[in-house]
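Close look at the chain arrangement
The residues making up each chain are set out below.
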Amino acid sequence: MTIGAILALSAATFVGASTQRVSGMGFALVSSPFIVMVLGPFEGVMLVNFLGTCSSFLILAQVFREVEYRKVMLLLVPAVIMTVPGAWVASQLGGPKLSIAIAVMVMLALGSSFLLRNLKSADSKGLAIGAGAVSGFMSVTAAVSGPAIAAYAVASRWPQAKFAISVQLYFFVLSIASLIAKGGMPQLHWSQWVGCVIAMVCGILLGNWLAPKIPHKVSRAFVVIIAFAGALTLLASGVREMLG
């Protein structure tokens, strides 16, 4: 295990954790393309799911009294159900094809969130169920469950402050379901585990300090820029592997 790989995993975890604490989401969007490049698509997605579980739990422990449980459960039930077919798809693709699929899903999900910004308010149960189902499928295939839920939050006019708190419960449960659907835990060297855990705790502590200081628009823009950069890099890597 090279120092470069440990530093890359730690850096991706640190930025992802701090971003999630500041904006309520973004851990997987920011970290998954880079972690997948280091560990490969199957193992990388499992690690993102596991670290996402830990990050959401640490944040949730601070804000659980303010969670909107009914709204979260409406999204969570279809999301958990869709982890089963998602796990099958992930196991069938594998290799560079899955890397390309992950990159494309990240970019499509980010693009769809922009398109939904100007929709009239739509807070129907059908929209919530659909968003949860798409989010659950993407969680286990690409470790990117946030954009579909963010799109629903925009369409339903879910206040950002309440959304950022409530969605931690959603990410926590869904990440556990995704790991169960894939049937295991990521296999890492002990040095990788230490680096990722320390980076995650430090990232959340930094996020706690930054959260009241950074405007929501700025933090969301940062998530989008980093996620697009990572997805494009992962896409190029997958294409190069297929052609090589």
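Refer to the structure printed above.
Residues numbered from 1 in each chain as written. Predicted model: local features only at pLDDT ≥ 70, side-chain atom pairs only at ≥ 80, totals over all residues. Heavy atoms only, no water.

Details of the nonpolar core
Heads up, the rule is: Here, the term nonpolar core denotes a set of buried Ala, Val, Leu, Ile, Met, Phe, Trp, Tyr and Cys residues that are joined through side-chain atoms within 4.5 Å. Burial classes: relative accessible area under 20% of the type maximum marks a residue as buried, over 50% as exposed, and values in between as partly exposed (1.4 Å probe, protein chains only). Numbering of helices and strands runs from the N terminus, with a helix taken as a DSSP run of H or I at least four residues long and a strand as a DSSP run of E at least two residues long. Two residues form a contact once any of their heavy atoms are found within 4.5 Å.
In terms of nonpolar packing, the biggest core is built from 52 residues, with Ile35, Leu47, Leu75, Ile102, Phe163 and Tyr170 touching the most fellow members. Per-element tally for this core: the top contributor is helix α9 (residues 160-182), with eight residues. Residues within four places of Ile35 in sequence aside, it is in contact with Leu9, Ala12, Thr13, Gly40, Gly44, Leu47, Val48 and Leu51.

Details of empty space enclosed by the protein
Heads up, the rule is: A cavity, in this analysis, means grid points on a 1 Å lattice covering only the protein atoms where a 1.4 Å probe fits yet has no way out; a pocket is instead an open set bounded by protein on both sides within 12 Å along at least five of seven lines, and a residue lines either one if it has an atom within 4 Å of a point. Grid points are joined across faces, edges and corners, and a volume is the space filled by probe spheres set on the points. Residue polarity is assigned by list, with Asp, Glu, Lys and Arg as charged and Ala, Val, Leu, Ile, Met, Phe, Trp, Tyr, Cys and Pro as nonpolar; anything else, Gly included, falls into the polar class.
Under the defined criterion, the tally for this structure stands at one cavity of 30 Å³ or more. The volume enclosed by the largest cavity comes to roughly 160 Å³. Considering the residues around the largest cavity, the lining is formed by 18 residues, among which Phe27, Ala28, Ala143, Ser145 and Phe171 are closest to the centre. Breaking the lining of the largest cavity down by element, the ones donating at least two residues are α2 (27-39), α3 (41-63), α8 (146-155) and α9. It is α3 that contributes the most residues to the lining of the largest cavity, four residues altogether. For the lining of the largest cavity, the residue count by class is nine nonpolar, nine polar and no charged.

Details of α9
Note the following rule: Take the number of residues in a helix, subtract one, and multiply by 1.5 Å to get its expected span. Think of it this way: the bend at a residue is just the angle between two axes, each fitted to seven residues, one set ending at that residue and the other starting at it.
With 23 residues, α9 extends 32 Å from end C-alpha to end C-alpha; this agrees with the ideal 33 Å at 1.5 Å per step. Helix geometry: α9 is bent most strongly at Ser166, by close to 30 degrees. Gly183 lies just past α9 and shows a positive phi near 75 degrees.

Concerning the packing of helix α5 (residues 83-93) against helix α7 (residues 125-142)
Cut-off, in case you're wondering: Angles shown run from 0 to 180 degrees and are taken between the N-to-C directions of axes, each axis being a line fitted to C-alpha atoms and, for helices, limited to the stretch in contact. If you view the pair so one helix is near and one far, a crossing is left-handed when the near helix is turned anticlockwise from the far one by less than a right angle, and right-handed when it is turned clockwise.
Where α5 meets α7, the closest approach of the two axes is 8 Å, and the angle between their N-to-C directions is 30 degrees. Between α5 and α7 lies a crossing of right-handed hand. Taken together, the residues of α7 that come into contact with α5 (itself represented by Thr83, Pro85, Gly86, Ala87, Val89 and Ala90) are Gly136, Phe137, Val140 and Thr141. Along the lines of polarity and charge, the residues of the contact of α5 with α7 split into six nonpolar, four polar and no charged.

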